[in-house]
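Single-letter residue listing:
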Amino acid sequence: MAAFALKINGTTHTVDVDPDTPLLWAIRDGAGLMGTKYGCGVAQCGACTVYVAGQPVRSCSLPVSAIGNDEVTTIEGLGSKEAAAVQKAWVALDVPQCGYCQSGQVMSATALLAANPKPTDQDIDLAMTGNICRCATYVRIRAAIHQAAKSLEG
Ligand code: FES
Ligand code: FES
């Protein structure tokens, strides 16, 4: 066991865990932020997506000892204009079904729009391919990303 001071959404959380503990559990059990979900545990589904130093990562497969001083952003800490546009479009198009995968979907969609303000269908499919939705909301996800991109124009 060791103590790790993690910067999550602008607040430092000290967690006392084994260095191999996945970041996901430090976020959920250590910081008490439950928006980031456990799906597969092997970096294949995207439910656990957060940002580390602004880049999307699979928190289920990243040891807490690898984070250092990098800022961690979870769904609770999203605050960019892209995030606001994505969340608005998600609500307008009623994207979620059961909702379980959706925080990961929103994290990935927001990262896509920050990097590429006008994504094509192909860009979206490529960027979102690692985010699995068992309810198959893919058509609405794609439409909502286009709608969010349009709302950010100008
Ligand atoms: S739970 Fe992390 S990718 Fe599936
Ligand atoms: S909305 Fe149910 S798994 Fe995606």
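Residues numbered from 1 in each chain as written. Chains lettered and ligands numbered in written order. Predicted model: local features only at pLDDT ≥ 70, side-chain atom pairs only at ≥ 80, totals over all residues. Heavy atoms only, no water.

Digging into the overall build of the chain
Right, on to step 1. When its secondary structure is counted, the chain shows five helices and five strands.
Right, on to step 2. The secondary structure elements of the chain, listed N-terminal to C-terminal, are β-β-α-β-β-β-α-α-α-α.
Right, on to step 3. What you see for the chain is a C-alpha radius of gyration of 15 Å, in line with the 15 Å of a compact globule of 154 residues.
Right, on to step 4. If one aligns the C-alpha atoms of the chain with their principal axes, the spans along those axes are about 45 × 30 × 25 Å.
Right, on to step 5. Residue burial in the chain is summarised as follows: out of 154 residues, 42% are buried.
Right, on to step 6. Pairs at least 24 residues apart make up 58% of the contacts formed inside the chain by residues separated by at least 6 positions. (Helix = DSSP H or I, 4+ residues; strand = E, 2+ residues; numbered from the N terminus. Rg over C-alpha atoms; globule rule 2.2 N^0.38 Å. Buried < 20%, exposed > 50% of the residue type's maximum accessible area, 1.4 Å probe, protein only. Contact = heavy atoms within 4.5 Å.)

Brief notes about the sheet that holds strand β4 (residues 55–58)
Right, on to step 1. With mixed pairing, five strands are arranged side by side in an open sheet as β2-β1-β5-β3-β4. Each having just a single partner strand, β2 (11–17) and β4 make up the two edges of the open sheet. Averaged over all pairs of adjacent strands, the angle between their axes in this sheet comes to 40 degrees, without regard to strand direction.
Right, on to step 2. Here helix α3 (residues 102–115) sits on the sheet and contacts β3 (49–52), β4 and β5 (71–73); the angle it forms with β3, its principal contact strand, is near 45 degrees. (Pairing = 2+ DSSP bridges. Axes fitted to C-alpha atoms, helices over the stretch in contact; angles between N-to-C directions.)

Remarks on the packing of helix α2 (residues 81–92) against helix α5 (residues 138–152)
Right, on to step 1. Remark: α2 packs on α5, axes separated minimally by 8 Å, with the N-to-C direction vectors making an angle of 130 degrees. In this view, α2 runs oblique relative to α5, as classed from their interaxial angle. The two elements α2 and α5 meet at a crossing, and its hand is right-handed. Residues Lys 81, Glu 82, Ala 85, Val 86, Ala 89, Trp 90 and Ala 92 of α2 touch α5, and the partners they reach there are Ile 141, Ala 144, Ile 145, Gln 147, Ala 148, Ser 151 and Leu 152.
Right, on to step 2. Counted by class, the contact of α2 with α5 contains 10 nonpolar, two polar and two charged residues. (Parallel < 35°, antiparallel > 145°, perpendicular 65-115°, else oblique. Left-handed = near helix turned anticlockwise from the far one by under 90°. Nonpolar A, V, L, I, M, F, W, Y, C, P; charged D, E, K, R; others polar.)

A look at the side chain of Thr 21
Right, on to step 1. Of note, Thr 21 is situated in the loop between β2 and α1 (23–30).
Right, on to step 2. A distance of 2.7 Å separates a polar side-chain atom of Thr 21 from the backbone oxygen of Asp 18. (Polar contact = N/O pair within 3.5 Å; in protein donor to acceptor, adjacent residues only side chain to side chain.)

Looking at a nonpolar patch on the surface
Right, on to step 1. Taken together, Trp 25, Tyr 38 and Tyr 100 make up a surface patch of nonpolar side chains, about 290 Å² in accessible area.
Right, on to step 2. Relative accessible area serves as the criterion here: at 30%, Trp 25 is assigned to the partly exposed category. (Patch = residues over 30% accessible without salt bridge, like charges linked within 9 Å, V, L, I, M, F, W, Y side chains within 5 Å. Areas by Shrake-Rupley, 256 points an atom, 1.4 Å probe, with all protein chains shown as cover. Salt bridge = Lys/Arg side-chain N within 4 Å of Asp/Glu carboxyl O.)

Focus: α1
Right, on to step 1. What α1 keeps buried is the set Leu 23, Leu 24, Ala 26, Ile 27 and Arg 28.
Right, on to step 2. Those residues of α1 hidden inside the fold are in contact with β1 (2–8), β2, β3 and β5.
Right, on to step 3. Phi turns positive, to about 75 degrees, at Gly 32, one or two residues after α1.

Considerations on the domain arrangement of the chain
Right, on to step 1. Here the domain parsing of the chain yields domain 1 (2–77) and domain 2 (81–152).
Right, on to step 2. Here the C-alpha centre of domain 2 lies 22 Å away from the C-alpha centre of domain 1.
Right, on to step 3. Listed as interface residues are 17 residues of domain 1 and, on the opposing side, 12 residues of domain 2.
Right, on to step 4. Counting the surface lost from both domain 1 and domain 2, the interface buries some 1,100 Å², and carbon and sulfur atoms represent 56% of this.
Right, on to step 5. Scanning the region where domain 1 abuts domain 2 turns up zero salt bridges.
Right, on to step 6. In this assembly, domain 1 and domain 2 are joined by eight residue pairs in polar contact (both at pLDDT 80 or more).
Right, on to step 7. Mapped by element, the contributors of at least two residues to the side of domain 1 that touches domain 2 are β3 and β4.
Right, on to step 8. By residue number, the principal contributor to the side of domain 1 that touches domain 2 is β3, which donates three residues.
Right, on to step 9. Split into classes, the residues belonging to the side of domain 1 that touches domain 2 amount to seven nonpolar, eight polar and two charged. (Domains from an automatic or database assignment. Buried area = accessible area lost by both parts, 1.4 Å probe.)

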